[in-house]
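Chain by chain, the residues run as shown.
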Amino acid sequence: MAVPEPPFLEQANPGVRGLAPYEPGKPIEALRREYGVEEVIKLASNENPLGPSPRASEAAAAAVQEGHRYPDGNGFELRHAIAERHGIDPQRVTLGNGSNDVLALVAQTFLGPGRCAVFSAHAFAVYPIVTQAVGAEARVVPALAADHPAQPRGHDLEAMAAATDDTVQVVFVANPNNPTGTWVGAEALRRFLDAVPARTLAVVDEAYFEYAVEEADYPDASRWLDDYPNLIVTRSFSKVHGLGGLRAGYALSHPAVAELMNRVRQPFNCSGPAQAAAAASLADAEHLERSVALNTEQRALLRRGLEELGFVPLPSAGNFLTFDAGARAAELNEGLLRSGVIVRPVDAYDLPGHLRVSVGTPTENRTFLAALSRQLHGGAA
Ligand SMILES: *Cc1c(COP(=O)(O)O)cnc(C)c1O
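Residues numbered from 1 in each chain as written. Predicted model: local features only at pLDDT ≥ 70, side-chain atom pairs only at ≥ 80, totals over all residues. Heavy atoms only, no water.

### Here's the deal with the environment of Leu 294
Then, number 1: Along the chain, Leu 294 turns up in helix 11 (residues 285-308).
Then, number 2: Overall, Leu 294 belongs to the buried group, its relative accessible area being 17%.
Then, number 3: For Leu 294, the residues in contact, after removing those within four places along its chain, are Pro 49, Leu 50, Gly 360 and Pro 362. (Helix = DSSP H or I, 4+ residues; strand = E, 2+ residues; numbered from the N terminus. Buried < 20%, exposed > 50% of the residue type's maximum accessible area, 1.4 Å probe, protein only. Contact = heavy atoms within 4.5 Å.)

### Thoughts on helix 12 (residues 329-338)
Residues separated by three or four positions in an α-helix point in the same direction, a consequence of the helix having 3.6 residues per turn.
Then, number 1: Along helix 12, the residues that are buried comprise Ala 329, Leu 332, Asn 333, Gly 335, Leu 336 and Leu 337.
Then, number 2: In this structure, the buried residues of helix 12 make contact with helix 2 (28-35), strand 10 (341-342), strand 11 (344-345), strand 12 (354-358) and helix 13 (362-377).
Then, number 3: Gly 340, located one to two residues past helix 12, shows a positive phi value of around 85 degrees.

### Points about the pairing of strand 7 (residues 231-236)
Then, number 1: The element strand 7 is largely enclosed, with a buried count of six among its six residues.
Then, number 2: Summarising the sheet, strand 7 and strand 8 (residues 249-252) pair through four bridges and their orientation is antiparallel. When the bridges of strand 8 are listed, Ser 236 appears paired with Gly 249. (Pairing = 2+ DSSP bridges.)

### A look at empty space enclosed by the protein
Rolled over the atoms, a probe sized like a water molecule indicates the empty space that remains.
Then, number 1: Enumeration according to the criterion identifies two cavities of 30 Å³ or more in this entry.
Then, number 2: Its volume calculated, the largest cavity comes out at about 40 Å³.
Then, number 3: Grouping the amino acids of the lining of the largest cavity by side-chain chemistry returns four nonpolar, four polar and no charged.
Then, number 4: Around the second largest cavity, the lining residues are Gln 151, Gly 154, His 155, Ala 174, Thr 182, Trp 183 and Val 184.
Then, number 5: Looking at the lining of the second largest cavity, its residues break down into three nonpolar, four polar and no charged. (1 Å grid on protein atoms, 1.4 Å probe; cavity = no way out; pocket = protein on both sides within 12 Å on 5 of 7 lines; lining within 4 Å. Points joined across faces, edges and corners; volume = space filled by probe spheres on them. Nonpolar A, V, L, I, M, F, W, Y, C, P; charged D, E, K, R; others polar.)

See below:
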């Protein structure tokens, strides 16, 4: 290709120039377009297969009627609902356009050229993106071994603590992590937070918090904000709340951290419908319980089904399972797509040959397992 590079390209920030864009799960419409399949099952983005709470949908629809009005830039009602839920002061809450947005706010506020962020190998893709976008250095800590007895490929908190000296501004911990599903227990996380320098911000990303009901020692880090002024806990409305399409998430932190992040936050980052839906969803405990119960039950069935097909999924406290599909991974994925099933290859997370499948409805999970079995053992797709 002899097309010359336009001269303005080199004006892009160096971090942005070197960035590989985030690759989202394939949308349902894209599969219909590209493969001509009608019936599509999407198990690629860890969405709640039951959808949002009906109360959240109603609240969002009502807010759309006021769509000509700017949303409350301070998110008063939602911030107060979140604060009440956590038993903390609303001054500690920063709203985001999804929690990815608050992760970006952390980077904009505390990272930049000459600064450094620490995170684990196989960690959530947004950490390297927001770090590199602002020109900061990423210090990637090797994960636990693939044959670790408890948390294969999980965060090695001791190694992460050792890497977090006081030249590090931010350390990211995903608990549980996506795409591995692995998690860290209360004692280990506290030991880690004790070891992090007081001037380094420790982000604990709890996007899948609600799903971790079977892990007895799984911690709620939001209860430790008084103990660790440098702690930032992030939560999302995209996963168990089923509001990924509306975009709402938040950070809990020291009020001074929230105040700093609110300086760079776009004042209307969280839309009116998103704020209304999120607040309504927080109040619908029943929908959340039903969603979590379905996930716990179906995740176990999905795991057993994968094991029967000869795979060994990583332990998962989330609403997804990741497994090594071996040398045939790309071919299996392609076959699944042709059968109308979208899962997520996670090669980009330094997990070559691994596929991540979200826990769907009973029918979706059965259809996925049947399609995978057909791919493995031959037969019509
Ligand atoms: C999905 C996810 C998020 C949140 O995404 P938003 O939709 O932006 O709220 C954050 N962290 C992890 C680890 C995730 O998997």
